Amino acid sequence: MPNLALWDKYVEGMRVEWSFSFSREDMQAFSVLSQDSNPIHLDETFAQSKGFDAPLIYGLLLSSQMSRLVGEKMPDKNAILTGIQMEFIQPAYPNDQLIFSADLINKSDATHALEFKCMIKKFDNTLCRGLVTAVWRS
Amino acid sequence: MPNVNVAGIISQLIPIFCDVFDDDELTIDLSTTAEDVDGWDSLAHIRLIVSIEKFFGLRFSAAEISDLENVGEMAELILRKQANA
């Protein structure tokens, strides 16, 4: 029987938000884990030749904050990620100070499904936006 | 003869089922159950119920969903909730 007192801690409209950044060392680690060593992410000269200020942070490294949302930023440890969508609107660069925010936009009492609208911002600029779905199981 | 309103709900459910189960050829009727549809597991069931809630603008309780035996009963539940909205 699910513990509904825990489920009730999830409230539509609730927001979680935190700041984060990724270093060039983080980018190197991600390149090893992902087996993606495209120079757009690792080489300053190459990235600038493509019109960017610096190597781009991997989109899926930015999206890793969605894992942090479900795994670490929920009222309990009972949420399981079931889906993500992410649009990459503007580039993010190593050591940029970024803000990840997530708003709970849908909570289904019938299924214990959760849906969050997410955003990554640098100052007032939206760099990424997306959706995260999860299921809660106590 | 099936209630024509139930038939109307079924016709609205078909594209939802097709989308959730990624099968444009999928057909459903009043007697369809999870056993009749490939991939209708617990996670797909969650996606299905959430999609139905969003499409019809309704909220179901866990008890309402657990009592359903087939798609026909889901259609009847939708009609009842629309009537009480």
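Reading the values: the criteria
Residues numbered from 1 in each chain as written. Chains lettered and ligands numbered in written order. Predicted model: local features only at pLDDT ≥ 70, side-chain atom pairs only at ≥ 80, totals over all residues. Heavy atoms only, no water. Phe/Tyr/Trp six-rings, centres within 6.5 Å; stacked < 30°, edge-to-face > 60°. Buried < 20%, exposed > 50% of the residue type's maximum accessible area, 1.4 Å probe, protein only. Helix = DSSP H or I, 4+ residues; strand = E, 2+ residues; numbered from the N terminus. Pairing = 2+ DSSP bridges. Axes fitted to C-alpha atoms, helices over the stretch in contact; angles between N-to-C directions. Contact = heavy atoms within 4.5 Å. Polar contact = N/O pair within 3.5 Å; in protein donor to acceptor, adjacent residues only side chain to side chain. Buried area = accessible area lost by both parts, 1.4 Å probe. Salt bridge = Lys/Arg side-chain N within 4 Å of Asp/Glu carboxyl O. Nonpolar A, V, L, I, M, F, W, Y, C, P; charged D, E, K, R; others polar. 1 Å grid on protein atoms, 1.4 Å probe; cavity = no way out; pocket = protein on both sides within 12 Å on 5 of 7 lines; lining within 4 Å. Points joined across faces, edges and corners; volume = space filled by probe spheres on them.

A. Up close: the packing of aromatic side chains. Overall, the coordinates contain 10 aromatic pairs over all chains when judged by the stated rule. On the numbers, 5.8 Å between centres and 35 degrees between planes, the contact of Trp7 of chain A with Tyr10 of chain A is tilted. Of the two residues, Trp7 of chain A and Tyr10 of chain A, both sit in the buried class. On the numbers, 5.5 Å between centres and 75 degrees between planes, the contact of Phe17 of chain B with Trp40 of chain B is edge-to-face. With Phe17 of chain B in helix α1 (residues 4-20) and Trp40 of chain B in the loop between α1 and α2 (42-56), this pair connects stretches of sequence that are 23 residues apart. An identical accessibility class is assigned to Phe17 of chain B and Trp40 of chain B; each is buried.

B. Molecular detail of the sheet that holds strand β1 (residues 15-20) of chain A. Taken in spatial order, the five strands of this open sheet run β1-β3-β4-β5-β2 (chain A), and their pairing is antiparallel. The open sheet has two edge strands with one neighbour each: β1 and β2 (79-88) of chain A. For this sheet, the mean angle separating the axes of adjacent strands, direction not counted, is 20 degrees. In this fold helix α5 (residues 59-72) of chain A packs onto β1, β2, β3 (98-108), β4 (113-122) and β5 (125-136) of chain A, with an angle of close to 150 degrees to the strand it touches most, β2 of chain A. Against the sheet, α2 of chain B makes contact with β2, β3, β4 and β5 of chain A, and its axis sits at roughly 80 degrees relative to β3 of chain A, the strand it touches most.

C. Seen up close, the side chain of Thr111 of chain A. All names here are of chain A. Following the sequence through the fold, Thr111 ends up in the loop between β3 and β4. For Thr111, a relative accessible area of 10% translates into the label buried. Only 2.8 Å separates the side chain of Thr111 from the side chain of Ser108, close enough to count as a polar contact.

D. Examining the interface of chain A and chain B more closely. Counting residues at the interface gives 12 residues for chain A and 12 residues for chain B. Together chain A and chain B conceal approximately 870 Å² of surface at their shared face, both sides included; 55% is due to carbon and sulfur atoms. On the surface where chain A and chain B come into contact, there are two salt bridges. Lys54 of chain B is paired through a salt bridge with Glu115 of chain A; the nearest N and O atoms lie 2.3 Å apart. Between the two partners, chain A and chain B, sit six residue pairs in polar contact (both at pLDDT 80 or more). At the level of secondary structure, the elements contributing two or more residues to the side of chain A that touches chain B comprise β3 and β4 of chain A. Per-element accounting of the side of chain A that touches chain B gives the leading share, three residues, to β3 of chain A. Its residues placed into classes, the side of chain A that touches chain B shows three nonpolar, four polar and five charged.

E. Representation of the layout of surface pockets in the model. Approximately 400 Å³ is the volume found for the largest pocket. For the lining of the largest pocket, the secondary-structure elements that each account for two or more residues are β2, β4 and β5 of chain A together with α1 and α2 of chain B. The element best represented in the lining of the largest pocket is α2 of chain B, accounting for six residues. Classifying every residue of the lining of the largest pocket gives 10 nonpolar, six polar and four charged. Approximately 300 Å³ is the volume attributed to the second largest pocket. Along its surface, the second largest pocket is lined by 20 residues, and Trp40, His45, Ile49, Ile65 and Leu68 of chain B are the ones closest to its centre. Elements represented by at least two residues in the lining of the second largest pocket include exactly α2, α3 (62-66) and α4 (71-84) of chain B. The element that contributes the greatest number of residues to the lining of the second largest pocket is α2 of chain B, accounting for five residues. For the lining of the second largest pocket, a count of residues per class yields 13 nonpolar, six polar and one charged.

F. Spotlight on the pattern of salt bridges. All names here are of chain A. Scanning the entire structure with this criterion turns up nine salt bridges over all chains. Note that Asp103 is salt-bridged to Arg15, the shortest N-O span being 2.7 Å. Of this pair, Asp103 sits in strand β3 while Arg15 sits in strand β1, and the two are 88 residues apart along the sequence. Look at Asp103 and you get buried, because its relative accessible area is 19%. On the basis of relative accessible area, Arg15 is assigned to the partly exposed category, the value being 49%. Across the salt bridge formed by Asp96 and Lys122, the nearest N and O atoms sit 3.2 Å from each other. You can see Asp96 sitting in the loop between β2 and β3 and its partner Lys122 sitting in strand β4, a full 26 residues away along the chain. Looking at Lys122, the relative accessible area reads 23%, which means it is partly exposed. When salt bridges with common partners are traced through the structure, they connect Arg15, Glu17 and Asp103 into a single cluster.

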